[in-house]
Every structure is written in C-alpha cells, then in structure tokens.
Amino acid sequence: MADRTRFDLQDDDLPTAWLNIMPDLAGVAQPLPPLHPGTLQPITPDLLAPLFPEALILQEVSTEPWIDIPGPVLDVYRLWRPTPLYRATRLEAALQAPAHIYFKHEGTSPAGSHKPNTAIAQAYYNKEAGVRRLSTETGAGQWGSALSMACEFFDLECLVYMVRASFEQKPYRRIFMETFGATVVPSPSDGTDAGRKILAEHPDSTGSLGIAISEAIEVAAANPDTNYSIGSCLGHVLLHQTVIGLEAQKQMEQAGEAPDVVVGCVGGGSNYAGLAYPFMVGKLRGETPDMRFLATEPAACPTLTKGRFAYDFGDTAGLTPLLPMYTLGHGFVPAPVHAGGLRYHGDAPSLSLLVKEGYMEAVAYTQNEVFEAARLFAHTQGIVPAPESAHAIRGAVNEAIAAREAGEERVILLGLSGHGNFDMQAYDDYLNDRLPEVEFDDQDLTLSLTELPEVPVG
Ligand SMILES: Cc1ncc(COP(=O)(O)O)c(C=O)c1O
C-alpha cells in the first residue's frame with residue numbers, strides 16, 4: 001500500500017487553549033522585559049493601553065502555561081481549522097532522500113496564510129473592548145488580508161498601511177483587502193508624521209515593515225476610537241499561532257513519527273513560533289533534547305544570522321517600547337525582495353532568545369535559492385508556495401539533501417505558512433531571470449545600530 005500522505009483532524013480536535021512558552025523559557029533562560037525608551041525601565045501596562053485592549057496586554061505578560069481560546073474565536077477558526085498536515089512523498093522521491101518530509105498547510109485559510117489565527121483573536125478582543133477601528137501594517141499583504149477579514153467578521157473598520165514595494169507588486173492583495181471593506185494606503189504615506197519624514201529624506205522609498213508599523217501606531221495613538229493591531233513579533237501574536245503546532249503534534253502522532261527537525265520561515269517569528277513552540281517545550285524540559293529547530297530568513301534581511309542581540313525599537317520611527325531581540329537596526333530598510341513578509345529588521349524576543357541560547361538554529365538564503373525550492377515544491381506537490389514559505393521549503397530540501405549525503409533517515413516537519421497565488425509577479429521575475437541577488441551589506445548594520453540607545457543586554 002502507498003504511504004499515507006494526508007493527516008486530518010476532526011472539528012473536536014481543534015485546540016481550545018493557546019500554549020504560552022514563557023514559563024518554560026523562563027526555566028532555561030532569562031527573558032528580558034521590554035523597556036520604556038525614555039526611562040530605560042521595564043514598561044508598565046498603561047504605556048500600551050492607547051494601542052491594545054487590556055486582554056491582549058495581559059496575554060503579553062502572562063506566565064500561565066495555557067490561555068483559553070474564547071468561544072467566538074473558536075467559531076471562526078472552525079471555518080478552516082484544523083488545517084491539514086501532508087507528507088510530501090513526491091518531493092521526497094524527487095530528492096531521492098531517505099527523509100520523510102511533512103508540511104503543515106496554513107495556506108488553506110481563507111486569507112491564504114497563518115495570519116487569520118491571530119487576526120481573528122485580535123479583532124475579537126478589540127471589539128469586546130469597544131474599539132471602532134483597527135490600524136495596522138502589512139508587508140506581503142497576507143496580514144492585511146487576514147485582519148481585513150477579521151474586522152469584517154467582528155464589525156470593525158480596518159486601516160492598512162501597505163509597504164509600497166508590495167503595494168506595487170501585488171495589486172490583487174490590495175483589492176482582496178478592499179473587498180472586505182478595508183482602507184489600504186501605500187507606506188510611506190504623506191498622511192502621518194512618520195511617513196512624511198521618510199518621504200522628505202527618501203522620496204522614492206520602497207517602504208519597510210518598520211515604517212508601516214510607525215504609521216499605523218501613530219494613527220492609533222492619535223485617535224481614541226482606534227487601536228493598533230500587529231501581525232507578528234509580539235508575544236500575544238506568537239501565542240495565538242500555537243494552534244498550528246498543537247494540531248501538528250496530534251497529526252504527527254497519527255503519522256506515527258516525531259520530527260527530527262522542525263523548519264519554518266521567520267519574518268517577525270509568528271508562524272514559525274506557532275509551529276515550533278509546542279514541540280520546543282519538550283526540548284526545554286529535556287524530554288526531546290535532540291530535536292532540532294531551524295529558522296530560515298532572506299539573505300537580504302538576515303536578522304537572526306547577521307543581526308545583533310540588542311534592545312531596539314520595533315518600528316522605524318521609534319514609537320514602540322525597546323524590545324530585546326536580534327535586530328539589524330530599526331533604521332534598516334531591506335532591499336525590496338519578493339518575500340515582503342520577511343522584510344523586518346527585528347524578530348520576536350522569545351524566538352531571538354531561543355536562537356541566542358542555542359535551542360534554535362538559523363540560516364539565510366538568497367532569492368534564487370528560495371525560488372528554486374519553491375518551483376520544485378510546485379512541480380512535485382502542486383502547490384505554489386508564498387515566497388516567505390519558500391524559505392522554509394529551501395530549509396527542508398537542504399535538510400533532506402544533508403540526510404541523503406549522510407546516509408541517514410530524517411523526519412522533517414516544515415511550516416507552509418501560506419500559498420503564493422497572489423505572488424505571480426515574483427514567480428514571473430524568477431522564471432525570467434529577473435531576480436537580483438541582494439545580500440545584506442555589513443556596513444548597514446554598523447550604521448543603523450549607532451542610533452540605538454546603550455542598554456545592557458544579558
Ligand atoms: C505567508 C507568510 N509567511 C510568513 C510571514 C512572516 O511572518 P511571521 O514571521 O510573523 O510568520 C508572512 C508575513 O507577512 C507571510 O505572509
């Protein structure tokens with residue numbers, strides 16, 4: 001009989017609580033608090049109150065291992081969750097590798113990626129708190145799509161600052177958001193101080209996630225009826241994404257295997273943390289010490305592999321608290337590579353700490369390496385992956401090749417964070433040899449980090 005390739009869960013298997021990694025992380029390392037940029041003291045919840053509802057602020061600082069998922073959030077999750085786990089037997093055959101490659105397919109969500117897992121939760125908590133409108137940033141357009149949908153479900157207005165590089169590359173993502181009633185503005189824009197400042201210095205700026213975050217925060221801070229909603233990086237976002245890994249654990253049990261290595265792509269860290277953290281807990285507790293974790297990122301924005309572990313702002317204008325994380329400096333504007341969702345100068349503090357402490361490995365790939373793997377995945381499995389997710393595929397393919405070369409079996413679990421059906425411009429550029437190989441220039445790191453305040457980190 002042929003190997004089983006699809007592992008589905010029933011409605012009843014949908015997780016009813018999110019997993020908070022912080023208690024386990026605190027058992028092996030010392031998570032540092034976010035700091036107030038003025039006083040350099042740990043921030044207090046009231047500083048976040050103009051931007052986020054209390055429920056999300058409490059999740060940000062929670063030390064509880066589990067946080068219940070509210071019923072109305074579960075009701076919406078059931079529209080597409082649990083998502084399927086597949087074994088990529090055709091990819092394995094093409095690689096002629098003694099590897100079993102599993103992928104968790106978050107591209108089956110209505111918006112096309114993992115992003116609705118947190119968008120739905122954030123919209124729900126904001127609605128409960130009486131908020132009228134959410135403002136946000138979007139890089140690839142996936143996050144903006146997810147939040148636009150979530151706002152429609154919970155009757156909120158949605159204002160999206162879309163990084164200009166993506167706004168121009170991906171008009172259909174903009175139209176997708178507008179279909180759900182959102183207002184979409186290319187960033188940097190002349191509607192905010194942060195945007196105007198960038199445009200004055202760089203009229204042709206292609207934008208970055210850091211700039212778009214500054215614009216969205218500025219609007220939320222200035223309008224009492226508007227809150228800010230973030231697509232990645234902060235603890236509550238990673239928390240909401242753990243439904244991915246909790247489901248994948250059950251599905252790997254169905255498959256009768258445990259991963260040797262868990263691979264994902266990292267922009268701010270949310271999809272990868274969502275997949276990895278439920279497995280990581282076992283490693284932190286010493287139950288699965290040999291399980292490996294591989295974070296992948298673009299060579300043009302190599303935060304984990306070339307950044308510095310330091311306190312830095314989460315946005316370009318310096319409106320956020322200082323976060324302890326790997327960073328390329330908040331002034332760094334990555335080259336406009338097609339993986340728009342990975343063009344972020346920082347990374348989630350918890351994920352950064354796991355890399356720093358050696359629990360997680362990190363690797364960076366160039367655009368052509370990534371799209372070569374994406375094409376192989378499409379040719380074998382029939383799914384055109386999002387350019388972001390293709391980084392994880394590159395990582396998994398390289399792991400399989402390494403297993404072949406070492407003559408050993410390897411079970412690889414990869415996070416397919418989204419489909420690439422709106423990314424045809426990127427594929428067109430790849431197929432026609434128009435993808436420049438942009439690598440990070442170490443000079444940029446020195447320059448932008450000189451702006452960082454001197455704060456000691458662990
Ligand atoms: C499909 C996809 N994968 C990954 C990411 C990266 O974000 P994160 O690291 O938070 O998962 C994005 C961000 O936009 C995305 O759209």
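These lines cover the structure that appears in this document, whether it is placed above or below. (Residues numbered from 1 in each chain as written. Predicted model: local features only at pLDDT ≥ 70, side-chain atom pairs only at ≥ 80, totals over all residues. Heavy atoms only, no water.)

Brief notes about the site of the ligand
Around the ligand, the structure places 17 residues, and the nearest of them are Ser-232, Gly-267, Ser-270, Asn-271 and Ser-417. Taking Asn-271, its side chain carries an N or O atom lying 2.8 Å from an oxygen atom of the ligand. Ser-417 is positioned such that a nitrogen or oxygen atom in its side chain is 2.7 Å from a nitrogen atom of the ligand. Expressed as a share of its isolated accessible area of 380 Å², the protein-covered part of the ligand is 98%. Given that more than half its atoms are within 2 Å of the pocket grid, the ligand belongs to the largest cavity. (Near = heavy atom within 4 Å. Polar contact = N/O pair within 3.5 Å; in protein donor to acceptor, adjacent residues only side chain to side chain. Areas by Shrake-Rupley, 256 points an atom, 1.4 Å probe, with all protein chains shown as cover. 1 Å grid on protein atoms, 1.4 Å probe; cavity = no way out; pocket = protein on both sides within 12 Å on 5 of 7 lines; lining within 4 Å. Sits in = over half its atoms within 2 Å of the grid points.)

A few points about unusual backbone geometry
With an omega of -10 degrees, the peptide bond running from Arg-81 to Pro-82 counts as cis. Structurally, the position occupied by Pro-82 is in the loop between helix 4 (71-77) and strand 4 (85-87). Phi angles above zero are rare outside glycine, and Gln-96 is one such case at about 50 degrees. Mapped onto the elements, Gln-96 comes out in the loop between helix 5 (89-95) and strand 5 (99-105). Even without being glycine, Asp-433 reaches a positive phi, approximately 60 degrees. Structurally, Asp-433 is set in the loop between helix 19 (424-431) and helix 20 (442-449). (Helix = DSSP H or I, 4+ residues; strand = E, 2+ residues; numbered from the N terminus.)

Notes on the pattern of salt bridges
Counted by the stated rule, this structure contains 22 salt bridges. Where Glu-399 meets Arg-410, a salt bridge forms, and the shortest distance between an N and an O atom there is 2.6 Å. Taken together, the positions of Glu-399 in helix 18 (residues 387-406) and Arg-410 in strand 15 (residues 410-416) put the pair 11 residues apart, joining distant regions of the chain. Note on Arg-410: relative accessible area 12%, which makes it buried. The residue Asp-428 makes a salt bridge to Arg-434 at a minimum N-O spacing of 3.0 Å. Residues joined in a network through salt bridges with shared partners are Arg-292, Glu-361, Glu-399, Glu-408 and Arg-410. (Salt bridge = Lys/Arg side-chain N within 4 Å of Asp/Glu carboxyl O. Buried < 20%, exposed > 50% of the residue type's maximum accessible area, 1.4 Å probe, protein only.)

Some remarks on empty space enclosed by the protein
Scanning the model with the defined rule gives 5 cavities of 30 Å³ or more in all. A volume near 350 Å³ is recorded for the largest cavity. When contributions to the lining of the largest cavity are tallied by element, the ones reaching two or more residues are strand 6 (133-138), helix 7 (142-153), helix 11 (209-222), helix 14 (270-284) and helix 18. Of the residues contributing to the lining of the largest cavity, the split by class is 11 nonpolar, 17 polar and 3 charged. In this structure, the second largest cavity spans a volume of roughly 40 Å³. (Points joined across faces, edges and corners; volume = space filled by probe spheres on them. Nonpolar A, V, L, I, M, F, W, Y, C, P; charged D, E, K, R; others polar.)

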